[in-house]
Amino acid sequence: MKATVREIPKLTANFARPARTRVFKGGRGSGKTRGIAKRSALRVYQLAEMGVEGVFLASREHLNSLDESSMEEIKAAIRSEPWLLDYFDIGEKYIRTKNRRISYAFAGLRHNLDSIKSKARIIGNWTDEGESVSDAAWRKLIPTIREEGPGWVAENWISYNPESPESATHKRFVENTADDCLVTEVNYSDNPWFPDVLNKQRLEDKKFRPETYEHIWNGAFLTLTDAQVFAGKYEVEAFEVGPDWNGPYHGMDFGFAQDPTTAGEQWVHDNTLYIRREAAKVGLELDDTAQFICKAIPGIEKHTIRADSARPESISYLRRHGLPRIEGVKKWAGSVEDGVEFIKSFSRVVIHPDCPQTAREFRLYSYKVDRLSGDILPVIVDANNHHIDQLRYALVPLMKRQAKTTTTTVKGLY
């Protein structure tokens, strides 16, 4: 069978050459995720037609549920080609070829890989959002991608937006590129179908947020500058919650079309703020919110959750549908700045590796930079703040208690 498939030329060039490892890195709007999703379906089709049996792994460092996986991207890619749609059996929680030779498996490399290895042989892998994958996870995954047969070898594909030259992914696959590894940079300018709506956002970022423009749109490393609000104030490190810790403190921020709905679990001990769990999803329907958050943060429904009071109707609904102790937190003039200063007042902020999106926001959250002078302005950019907002809401009772204690102490001096 012959079929014509439209794709980004840089992807075509990469896949035209033999390799065991293929790396695609670059900024937002490049189309690499959708393109690789379709390539995975083509690969599965080819191998199944050759009689190969096994699973094609779609992985990430952390995966708490299928909602966080690449499943929907792969489904959309298959549905975009009628002949692929006819070849695959797509269910709510599975994707497989109709001849049952190959199925997709979705796994978090930190916790789920061993169970998949024990059930079937892995005939290929695609790791999306590979920037945050640890070296330990790569050491665990790579030896499993060694299947081969007449006319084929198992391939390992990685796609990611670069952030740090110190990341395990950059050091392993780009800085020390093996002979059988092909690295391709793909940005918005390489995407023939770059949409107008994203181009509008790109131009706004170029004009108003130049400090992060190159990172977001051109795949440059995120350069640490004095404009970053939490520069030098946080670290990413695994920890176990102690029995004498204060908390948990839960917060929630509402989003939908472009911004994620977020929630988090925080603890305090010895003047250190610990961020243990996170939940986030774009396009999360209100009917599905409680179930999604409770799965990502076990036990949250038993605790008070503090959310943005600007959405009283959503809070009322969730209180009656799975989150009985959710309540609104009122904002005040300067509440964002007060919340940021309170977070910075802790001697340490420790983010668990299970919270990669929170850690990313702590890297990106910035003050505005004047375009002409380069001066850092005392204005916080309203971006990369959805997990930080839930954190601020969660900590409001602690902020009020600190303010009350400070006022009482000052009065006592007179």
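In this report, the structure presented in the accompanying data block is examined.

Thresholds applied
Residues numbered from 1 in each chain as written. Predicted model: local features only at pLDDT ≥ 70, side-chain atom pairs only at ≥ 80, totals over all residues. Heavy atoms only, no water. Helix = DSSP H or I, 4+ residues; strand = E, 2+ residues; numbered from the N terminus. Rg over C-alpha atoms; globule rule 2.2 N^0.38 Å. Buried < 20%, exposed > 50% of the residue type's maximum accessible area, 1.4 Å probe, protein only. Contact = heavy atoms within 4.5 Å. Lys, Arg positive; Asp, Glu negative; His and termini not counted. Charge placed at Lys NZ, Arg CZ, Asp CG, Glu CD. Pairing = 2+ DSSP bridges. Axes fitted to C-alpha atoms, helices over the stretch in contact; angles between N-to-C directions. Polar contact = N/O pair within 3.5 Å; in protein donor to acceptor, adjacent residues only side chain to side chain. Salt bridge = Lys/Arg side-chain N within 4 Å of Asp/Glu carboxyl O. Phe/Tyr/Trp six-rings, centres within 6.5 Å; stacked < 30°, edge-to-face > 60°. Lys NZ or Arg CZ within 6 Å of the ring centre and 35° of its normal. Parallel < 35°, antiparallel > 145°, perpendicular 65-115°, else oblique. Left-handed = near helix turned anticlockwise from the far one by under 90°. Nonpolar A, V, L, I, M, F, W, Y, C, P; charged D, E, K, R; others polar.

Concerning the overall build of the protein chain
At step 1: Assigned secondary structure in the protein chain consists of 14 helices and 19 strands.
At step 2: Taking 414 residues into account, the globule formula puts the C-alpha radius of gyration at 22 Å, and the protein chain, at 23 Å, falls close to it.
At step 3: Referenced to the eigenvectors of the C-alpha coordinate spread, the extents of the protein chain come out at roughly 85 × 50 × 35 Å.
At step 4: Counting the 414 residues in the protein chain, one finds 50% classified as buried.
At step 5: Looking at the protein chain alone, contacts between residues at least 24 apart form 69% of all its contacts between residues at least 6 apart.
At step 6: Distance between charge centres in the protein chain, computed from 59 positive and 58 negative side chains, equals 2 Å.

Let's talk about the sheet that holds strand S12 (residues 246-253)
At step 1: Ordered by their spatial adjacency, seven strands build an open sheet running S11-S17-S14-S13-S12-S15-S16, and the pairing between neighbours is mixed. Bordering the open sheet on either side are strand S11 (234-236) and strand S16 (326-329), each of which pairs with just one other strand. When strand polarity is set aside, the average angle formed by the axes of neighbouring strands in this sheet is 30°.
At step 2: Bridge count between strand S13 (residues 260-269) and strand S14 (residues 272-282): ten bridges; the pairing is antiparallel.

What about the side chain of glutamine 266?
At step 1: Along the chain, glutamine 266 falls in strand S13.
At step 2: Polar side-chain contacts of glutamine 266 include one of 2.8 Å to the side chain of glutamine 390.
At step 3: Not counting residues up to four positions away in its chain, the partners in contact with glutamine 266 are Gly247, Pro248, Tyr249, His250, Gly251, Leu273, Tyr274, Ile275, Gln390, Leu391 and Ala394.

Quick word on the pattern of salt bridges
Side chains that differ in sign of charge can pair as their charged atoms come close.
At step 1: The full count for this structure, using the stated rule, is 28 salt bridges.
At step 2: For glutamate 155, the salt bridge is made with arginine 22, and the minimal N-O distance between the two is 2.9 Å. You can see glutamate 155 sitting in strand S9 (residues 155-160) and its partner arginine 22 sitting in strand S1 (residues 21-25), a full 133 residues away along the chain.
At step 3: Judged by relative accessible area, glutamate 155 falls into the buried class, the value being 9%.
At step 4: Classification of arginine 22 as buried rests on a relative accessible area of 3%.
At step 5: Glutamate 163 serves as the salt-bridge partner of arginine 363, at 2.4 Å between the closest nitrogen and oxygen. Placement of arginine 363 in helix H13 (residues 356-364) and of glutamate 163 in the loop between S9 and helix H7 (168-175) is noted, with a sequence separation of 200 residues between them.
At step 6: Among the residues examined, glutamate 163 registers a relative accessible area of 7% and is labelled buried.
At step 7: What emerges from the salt-bridge pattern is a single network uniting Arg22, Arg43 and Glu155.

A short note on the packing of aromatic side chains
At step 1: Applying the stated criterion to the full structure yields 20 aromatic pairs.
At step 2: Put simply, the rings of Phe15, Phe24, Tyr45, Phe56, Trp83, Tyr87, Phe88, Tyr104, Phe106 and Trp157 pair up and form one aromatic cluster.
At step 3: Sitting over the ring of tyrosine 94, arginine 96 keeps its end group 4.1 Å from the ring centre.

Remarks on the packing of helix H2 (residues 32-49) against helix H3 (residues 71-79)
At step 1: Across the interface, H2 lies against H3 with an axial gap of 8 Å and an inter-helix angle of 70°. Between H2 and H3, the angle falls in the class roughly perpendicular. Crossing geometry of H2 relative to H3 is assigned as right-handed. Every residue of H3 that contacts H2 at Thr33, Arg34, Ala37, Lys38, Ser40 and Ala41 is listed here: Glu73, Ile74, Ala76, Ala77 and Ile78.
At step 2: Considered class by class, the residues forming the contact of H2 with H3 number six nonpolar, two polar and three charged.

Take it as geometry only, folks, not as evidence of what the structure does.
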